[in-house]
Amino acid sequence: MHIPDGFIDAPTSAAAGAVAVGALAVCLRRSGEMLEDKEAPLAGLVAAFVFAVQMLNFPVAAGTSGHLLGGLLAAVLVGPYLGALCVSVVLVVQALLFADGGLSALGLNIVNMALVGAFAGYGIFLLARRVLGANPGGVVAASSLAALLSVVLASVVFTLEYAIGGTGGASLGRVAAAMIGVHVLIGIGEAVITGLTVGAVLAVRPDLVYGARGLRAASPTAPQAATVGG
Amino acid sequence: MARRRLAVFVAAGLLVALALAFFVSPEASSKPDGLNKVAIDQGFADKETAHRTADSPLAGYGVRGVGSDRLSTGLAGVIGVGATFGIAGGGFLLARRARRRTAAGGVER
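Reference entry: report on the structure contained in this document.

Another point: the overall build of chain B. The secondary structure content of chain B amounts to three helices and zero strands. For chain B, the sequential pattern of α-helices and β-strands runs α-α-α. Radius of gyration (C-alpha) of chain B: 20 Å, far over the 13 Å computed for a compact globule of 109 residues. Based on the C-alpha atoms only, the size of chain B along its principal axes is roughly 60 × 35 × 25 Å.

Laid out in structure tokens, this is it:
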């Protein structure tokens, strides 16, 4: 999903860069207001974990692989604002050190992988959690569903970017169909990894899962959720 | 106490990330990812231009000069885990301190 330089023209890339800078400035302010110093190592851990798991490309179809994007996972663990920042750190390190994802395409990649996953994904997560239940099982299921949909959404957003400033003159309909098709498969992998990770953290330190915080305060109907793990 | 438990959790999590990066990432699929495959199939893959950091000693998730592919990929993963942990964790602390200084010099909150 990392866009290299050259796929999307310079004006579109620059516009995405401006969106990314503006959004990350808001994220920095909001996460600075909402969080405490002790969350710093958690932010580091989320970024490091997303980096490591992004290296683990899994096969999805003939001759194709996919990997975790991690935006939704980061948002469920540390909240959407800090989560978007963590994934952006990963994308910047990948572009600068590992030559993965173009430098001029960095803004596009932050929009598609950090912002779409952390914000649109987290919105889907909150809706899904309401339907699936405000308990640990519901949080895991809602995380998985939102992870899948956030990857598909990222592929749709890429298609929009390609429609605005794509190079090479490929048919938009065919790009859309191919992108969405393969990212439904990659999204299943995203859902599995996200569900396993959120489930594991919920099992050992439920208090560290941002996406499970609200249900302790605001769900008198689910007292079990309030006491899990103590 | 709570702080120490958090440190244990973060240390355990980091160990998991390091193990995945070092031991598992060399086993990862090297096939093109979804976007690259679409670019190949739909005929715009050749629009990719040379990466501006292609000369980085870590370009392409390997450490230049390390002969074994396994070790090269694994070490690159470990370096990446360390870099992202330090930048995200340290950057967050710096941002908080800058914010406190601004708040202290400004209006009482």
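The subject of this paragraph is the nonpolar core. In this structure, V46, A47, V50 and C86 of chain A are the most contacted members of the largest nonpolar core, which totals 103 residues. Not counting chain neighbours up to four residues away, the residues in contact with C86 of chain A comprise A43, V46, A47, V50, A74 and V78 of chain A together with A88 of chain B.

Okay, the interface of chain A and chain B next. The interface is formed by 57 residues belonging to chain A together with 54 residues belonging to chain B. The element that contributes the greatest number of residues to the side of chain A that touches chain B is helix α2 (residues 40–54) of chain A, accounting for 12 residues. Per-class residue counts for the side of chain A that touches chain B are 38 nonpolar, 14 polar and five charged.

Residue and element names in this part refer to chain A. In this fold, F125 is placed in helix α5 (residues 106–132). A residue is classified by how many C-beta atoms lie within 10 Å of it, and F125, with 27 of them, is buried. A sequence separation of 56 residues divides F125 from L69, and the C-alpha atoms of the two residues are 16 Å apart. Sequence-distant contacts of F125, defined by excluding residues within four places in its chain, comprise L72, V76, A142, S143, A146 and G211.

Reading the values: the criteria
Residues numbered from 1 in each chain as written. Chains lettered and ligands numbered in written order. Predicted model: local features only at pLDDT ≥ 70, side-chain atom pairs only at ≥ 80, totals over all residues. Helix = DSSP H or I, 4+ residues; strand = E, 2+ residues; numbered from the N terminus. Rg over C-alpha atoms; globule rule 2.2 N^0.38 Å. Core = buried A, V, L, I, M, F, W, Y, C linked by C-beta atoms within 7 Å. Buried ≥ 20, exposed ≤ 12 C-beta atoms within 10 Å, placed from the backbone. Contact = placed C-beta atoms within 7 Å. Nonpolar A, V, L, I, M, F, W, Y, C, P; charged D, E, K, R; others polar.

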